[in-house]
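So the chains spell out like this:
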Amino acid sequence: MANLPDMTKHRGFPSGMPGTGVQFTIRRANPKGVTPIKALPRKARPGTAEHRIDAAFLHALWHHFGDEPFERGNLDAARLNLLFGREVLAAEKDFDPLSYEALLVINEKVARQSFPESFEDVFEV
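Here's a quick rundown of the structure. (Residues numbered from 1 in each chain as written. Predicted model: local features only at pLDDT ≥ 70, side-chain atom pairs only at ≥ 80, totals over all residues. Heavy atoms only, no water.)

1. A short note on the overall build of the protein
Stated precisely, the cut-off is as follows: Working definition: helices are DSSP H or I runs of at least four residues, strands are E runs of at least two. Numbering for both runs from the N terminus. C-alpha atoms define the radius of gyration, and 2.2 Å times the number of residues to the power 0.38 defines the globule rule. For this analysis, residues touch if any pair of their heavy atoms sits within 4.5 Å. Neither His nor the chain ends is counted toward charge; the positive residues are Lys and Arg and the negative residues Asp and Glu. Positions of charges follow a simple convention, taking NZ of Lys, CZ of Arg, CG of Asp or CD of Glu.
From N to C terminus, the protein includes three helices and five strands. Across the protein, helices and strands are ordered from the amino to the carboxyl terminus as β-β-α-β-α-β-β-α. Against the globule reference of 14 Å for 125 residues, the protein gives a C-alpha radius of gyration of 14 Å, in line with a compact fold. The long-range fraction of contacts in the protein, counting pairs at least 24 apart against all pairs at least 6 apart in sequence, stands at 72%. If you average the places of the 16 positive and of the 17 negative side-chain charges in the protein, the two averages end up 8 Å apart.

Okay, structure coming up:
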């Protein structure tokens, strides 16, 4: 296997949404290159399974990192992209969307409006 870029593994962060096959983290850096972080349109409406998965991911982010900036690391780009630009923002002016070391931060005000259930102490799956 080729030399892969270093990537922080967020120990204790949930690997995915139980019972769905949806992942929240990746096991190793992508040998074909880093998947860019970019805002993607979110079509999930409240009450749908997709909305619930986004809420569970945000719940995990909030309860793992809180309001502090965090490194992208092994967090799944597909999940981040559905929140990026709204609930999750770049935490640095020179944000590199192609870096596993890029810093992100939760936009708490927007996140609480979009996913109030994510800020509960317990998230029922």
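2. Points about the sheet that holds strand 4 (residues 88-90)
The line we're drawing: Strand pairing is assigned whenever DSSP identifies at least 2 bridges connecting the two strands. For helices, the fitted line uses only the C-alpha atoms of the stretch in contact; every axis is such a line through C-alpha atoms, and the angle between N-to-C directions lies from 0 to 180 degrees.
With antiparallel pairing, three strands are arranged side by side in an open sheet as 3-5-4. Every interior strand has two partners, whereas the edge strands, strand 3 (70-71) and strand 4, have only one. Sheet analysis places strand 4 next to strand 5 (residues 103-106), joined by three bridges and oriented antiparallel. Of the residues in strand 5, the one forming a bridge with Leu89 is Val105. Each of strand 3, strand 4 and strand 5 is contacted by helix 1 (residues 49-65), which is oriented at about 105° to strand 5, the strand it contacts most.

3. Some remarks on the side chain of His59
Relative to the helices and strands, His59 resides in helix 1. Not counting residues within four places of it along the chain, the set of residues in contact with His59 comprises Glu117, Ser118, Glu120, Asp121, Val122 and Phe123.

4. Describing a positive patch on the surface
Our working definition: Exposure above 30% relative accessible area and the lack of any salt bridge qualify a residue for a patch; like charges then connect within 9 Å, and the nonpolar side chains Val, Leu, Ile, Met, Phe, Trp and Tyr within 5 Å. Every accessible area reported is derived by Shrake-Rupley at a probe size of 1.4 Å, with residue values counting cover from the shown protein chains alone. Just to be clear on terms, a salt bridge is a Lys or Arg side-chain nitrogen sitting within 4 Å of an Asp or Glu carboxyl oxygen.
There is a patch of like positive charges on the surface, built from Lys9, Arg11, Arg27 and Arg28. Within the secondary structure, Arg27 is located in the loop between strand 2 (22-23) and helix 1.

5. Examining the nonpolar core
Put simply, the rule is: Nonpolar cores were defined as sets of buried Ala, Val, Leu, Ile, Met, Phe, Trp, Tyr and Cys residues, with membership established by side-chain atoms within 4.5 Å. Each residue gets one of three labels from its accessible area relative to the maximum for its type: buried under 20%, exposed over 50%, partly exposed in between, using a 1.4 Å probe on protein chains only.
Phe13, Phe24, Leu58, Leu61 and Phe70 are the most contacted members of the largest nonpolar core, which totals 29 residues. Broken down by secondary-structure element, the contributors of at least two residues to this core are helix 1, helix 2 (77-83) and strand 5. When residues in this core are grouped by element, the largest group, nine residues, is from helix 1. If we skip the residues at most four places from it in the chain, Phe13 touches Phe24, Thr25, Phe57, Ala60, Leu61, His64, Phe65 and Leu75. Ranked by size, the runner-up nonpolar core spans five residues in total, among them Ile26, Ala29, Val34 and Tyr100.

6. Here's the deal with the environment of Thr48
The topology assignment puts Thr48 in the loop between strand 2 and helix 1. Thr48 sits ten residues away from Leu58 along the chain, and the two C-alpha atoms are 16 Å apart.

7. A look at helix 1
Our working rule: By this rule the span expected of a helix is its residue count minus one, scaled by 1.5 Å.
Compared with the 24 Å implied by 1.5 Å per residue over 17 residues, the 24 Å span of helix 1 between its first and last C-alpha is a close match. Burial runs high along helix 1: twelve of the 17 residues are buried. Of the residues making up helix 1, those classed as buried are His51, Ile53, Asp54, Ala55, Ala56, Phe57, Leu58, His59, Ala60, Leu61, Trp62 and Phe65. Gly66, located one to two residues past helix 1, shows a positive phi value of around 65°.

Coordinates in, geometry out; function isn't part of it.
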